[in-house]
Amino acid sequence: MKSYEDAIAFHGHSCGGLAMGYKAAELAAELLDLSFSEDEEVVCVTETDSCTVDAIQVTLGCTAGKGNLFVNKWGKNAFSFYNRKTGKSVRLVANPDVAPMNTELVELRAKVFSGKGTPEDAEHLHELMHKYTDAIMAIPAKKLFTVKETKALVPEKARIFDNVVCSVCGEQVAEGLCEKVDGKYVCTPCARKK
Ligand SMILES: [Zn+2]
Ligand SMILES: [Zn+2]
């Protein structure tokens, strides 16, 4: 798998969420014997759309474009990983009490993000965030997450379709993803206008 530095380069900054995502990927890699997914051999289903997801994309090669990353916006730090080669899978759920943010950090973040903080507040927040991130990185991944069984089967492999032309708008569309009305292709946005 790729490094935390690679994840920072992609994400734009280091933060607690990115660190949690990295730790989840690290633990999954160990438990399922995963390496960077060139194709679709590693699949991840997340239960959050937070910073965590970027770390998983970069380190294990699960991406939206390859169809081996499925992001659910449920606000839960839980990640299911699948190894398509072995058929093994695992669901990692963040433990609530292992790496709590301190109240100073929570309050300062609210202040700065609402635009009410001074430049000093912003700088102090930056320092606290860094400390928090370092703290997460120092905790063994096995302590951060509870290992559970996955709930769903491994998602289907990405389907590849030929392109056709929508009979309404004349734009190109994947054959398997559009409707056929009276023998003519109609793309989803056009079908919805009816
Ligand atoms: Zn972030
Ligand atoms: Zn159309």
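Keep in mind that this is a model prediction, so the values were computed, not measured.

### Quick look at the packing of helix α4 (residues 103-113) against helix α5 (residues 119-138)
Then, in step 1: Closest axis-to-axis distance for the α4/α5 pair is 10 Å, and the angle between their directions is 135°. It follows that α4 is oblique to α5 by the angle criterion. Where α4 crosses over α5, the handedness of that crossing is left-handed. Contacts between α4 and α5 involve E104, L105, L108, R109, K111, V112 and F113 on the former and, on the latter, D121, A122, H124, L125, L128, M129 and Y132.
Then, in step 2: Here the residues of the contact of α4 with α5 are counted per class, giving nine nonpolar, one polar and four charged.

### Some words on the nonpolar core
Then, in step 1: L34, F81, L92 and F145 are the most contacted members of the largest nonpolar core, which totals 41 residues.
Then, in step 2: In terms of residue count, helix α2 (residues 16-32) provides more of this core than any other element does, 10 residues in total.
Then, in step 3: Counting only domains with at least three residues in this core, you end up with domain 1 (1-98 + 139-158) and domain 2 (100-138).
Then, in step 4: Of all hydrophobic cores here, the second largest spans nine residues; its members include C166, V173, C187 and C190.

### A look at the coordination of the zinc ion (ligand 1)
The reference angle at a metal is 109.5 degrees if four donors form a tetrahedron and 90 or 180 degrees if six donors form an octahedron.
Then, in step 1: Distances from the zinc ion (ligand 1) to its protein donors, namely H11 (NE2), H13 (NE2), C15 (SG) and C51 (SG), fall within the range 2.1 to 2.4 Å.
Then, in step 2: Coordination at the zinc ion (ligand 1) is irregular, judged from the four donor atoms that bind it and the angles of 90 to 142° they form at the metal.
Then, in step 3: Read in sequence order, the donor residues for the zinc ion (ligand 1) give the motif H-x1-H-x1-C-x35-C. The residues H11 and C15 share a single accessibility class, namely buried.

### Description of the pairing of strand β1 (residues 42-46)
It is a general feature of regular strands that their side chains alternate between the two faces of the sheet.
Then, in step 1: Most of β1 is tucked away: five of the five residues are buried.
Then, in step 2: Side chains V42, C44 and T46 of β1 all project onto a buried face; the interleaved residues V43 and V45 project onto the opposite face, where all are buried too.
Then, in step 3: Note that β1 and strand β3 (residues 78-83) share five bridges and pair antiparallel. Residue V43 lies in a different strand from β3, and its bridge partner there is Y82.
Then, in step 4: Bridge count between β1 and strand β2 (residues 69-71): three bridges; the pairing is parallel. Bridge pairing links T46 to V71 in β2.
Then, in step 5: For the crossover from β1 across helix α3 (residues 52-60) to β2, the handedness is right-handed.

### Considering the pattern of salt bridges
Then, in step 1: All told, the structure shown has five salt bridges when counted by the stated rule.
Then, in step 2: Residue R84 pairs with E40 through a salt bridge whose shortest N-O separation is 3.7 Å. Linking R84 in the loop between β3 and β4 (89-94) with E40 in the loop between α2 and β1, this pair joins segments that are 44 residues apart in sequence.

### Regarding unusual backbone geometry
Then, in step 1: A positive phi is found at D33, a non-glycine position, where the angle reads about 55°.
Then, in step 2: Secondary-structure assignment places D33 in the loop between α2 and β1.
Then, in step 3: With relative accessibility at 67%, the residue D33 sits in the exposed group.
Then, in step 4: At D182, a position not held by glycine, the phi torsion is positive, near 50°.
Then, in step 5: Relative to the elements of secondary structure, D182 occurs in the loop between β8 (179-181) and β9 (184-186).

What counts, and where the lines are drawn
- Residues numbered from 1 in each chain as written.
- Chains lettered and ligands numbered in written order.
- Predicted model: local features only at pLDDT ≥ 70, side-chain atom pairs only at ≥ 80, totals over all residues.
- Heavy atoms only, no water.
- Axes fitted to C-alpha atoms, helices over the stretch in contact; angles between N-to-C directions.
- Helix = DSSP H or I, 4+ residues; strand = E, 2+ residues; numbered from the N terminus.
- Parallel < 35°, antiparallel > 145°, perpendicular 65-115°, else oblique.
- Left-handed = near helix turned anticlockwise from the far one by under 90°.
- Contact = heavy atoms within 4.5 Å.
- Nonpolar A, V, L, I, M, F, W, Y, C, P; charged D, E, K, R; others polar.
- Core = buried A, V, L, I, M, F, W, Y, C linked by side-chain atoms within 4.5 Å.
- Buried < 20%, exposed > 50% of the residue type's maximum accessible area, 1.4 Å probe, protein only.
- Domains from an automatic or database assignment.
- Donors = N, O, S within 2.8 Å, 3.2 Å for Na, K, Ca; no water.
- Tetrahedral: all angles 85-135°; square planar, octahedral: opposite > 155°, others 65-115°.
- Pairing = 2+ DSSP bridges.
- Right-handed = clockwise from strand over helix to strand, strands pointing away.
- Salt bridge = Lys/Arg side-chain N within 4 Å of Asp/Glu carboxyl O.

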